[in-house]
Amino acid sequence: MSTYMPKAGQVDRKWYVIDAAGKPLGRVAAQAAVLLRGKHKPTYAPHVDCGDHVIIINCAQAVLTGKKLEQKHYYRHTGYIGHLKDVRYDTLMAQKPEKAMELAVKGMIPSNSIGRDAMKRLRLFAGNEHIHTAQKPENWEL
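Being a predicted model, the structure only gives us computed values, none of them experimental. (Residues numbered from 1 in each chain as written. Predicted model: local features only at pLDDT ≥ 70, side-chain atom pairs only at ≥ 80, totals over all residues. Heavy atoms only, no water.)

Caption draft 1: Seen up close, the overall build of the chain. The secondary structure content of the chain amounts to five helices and six strands. When its helices and strands are written in sequence order, the chain yields β-α-β-α-β-β-α-α-α-β-β. Within the chain, the proportion of its 142 residues that are buried is 37%. Long-range pairs, those at least 24 residues apart, make up 67% of the contacts in the chain with a sequence separation of at least 6. Accessible surface computed for the chain: about 8800 Å², of which carbon and sulfur atoms make up 51%. Within the chain, one finds 22 positive and 13 negative side-chain charges whose respective centroids are separated by 6 Å. (Helix = DSSP H or I, 4+ residues; strand = E, 2+ residues; numbered from the N terminus. Buried < 20%, exposed > 50% of the residue type's maximum accessible area, 1.4 Å probe, protein only. Contact = heavy atoms within 4.5 Å. Areas by Shrake-Rupley, 256 points an atom, 1.4 Å probe, with all protein chains shown as cover. Lys, Arg positive; Asp, Glu negative; His and termini not counted. Charge placed at Lys NZ, Arg CZ, Asp CG, Glu CD.)

Caption draft 2: Geometry of the packing of helix α1 (residues 25-37) against helix α4 (residues 97-106). Interaxial distance between α1 and α4 falls to 8 Å at its minimum, and their mutual angle equals 55°. Judged by the angle between their axes, α1 and α4 are oblique. Relative to α4, α1 is oriented so that their crossing is right-handed. Of the residues in α4, those touching α1 at Leu25, Val28, Ala29, Ala32 and Leu36 are Ala100, Met101, Ala104 and Val105. Tallied by class, the residues present in the contact of α1 with α4 amount to nine nonpolar, no polar and no charged. (Axes fitted to C-alpha atoms, helices over the stretch in contact; angles between N-to-C directions. Parallel < 35°, antiparallel > 145°, perpendicular 65-115°, else oblique. Left-handed = near helix turned anticlockwise from the far one by under 90°. Nonpolar A, V, L, I, M, F, W, Y, C, P; charged D, E, K, R; others polar.)

Caption draft 3: Spotlight on the nonpolar core. Within the largest apolar cluster, 28 residues are counted, with the highest numbers of intra-cluster contacts made by Leu25, Val54, Ile56, Met101, Val105 and Leu122. With seven residues, α1 is the single largest residue contributor to this core. Leave out the neighbours within four places in its chain, and valine 105 touches Ala29, Ala32, Leu36, Met119 and Leu122. Core analysis: the second largest hydrophobic core is formed by five residues, Trp15, Val17, Ile57 and Phe125 among them. (Core = buried A, V, L, I, M, F, W, Y, C linked by side-chain atoms within 4.5 Å.)

In C-alpha cells form, the structure reads like this:
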C-alpha cells in the first residue's frame, strides 16, 4: 500500500473559531498552531501546506498563569544600536491582546514559507465579534 501524498491543489480548507475567553493563552495558541498546520487531518504531510483558517475571538480575555503578567517581557530591536525595546505582558495584554496571541502562535509555527503562509490564515479579534460569518466557521473546543 502506498503512502498518500497530497498536492497543493487538493487541499480543502475549513474555517474554525476558537474562543479564548478564560483559557490559558499558550493552550489556545498551541491548538491554533495545530489547526493552521493541518496536523489534525489524516491527510497531513509536512511538505504541503494543508492547514485550515483559524479565527480566535476574545483574545483580551485570555489568561496568563502564574506571575507571567508581571515577569514575562516582549522584546524587539529597532535595528539601531542600543535600541532594544521591551514591553511587559500586563501592558501588552491591556493595549494589544491580539499581538500577544499572534506572538504565541508564531512561536509554534515553523520559520519557513509554509509557516508564513499559515500565519496569513490566522485572524485575531480582541472582542466577541468577528467579520468572517460568511465563511460559516465551525466552533473548535479545546
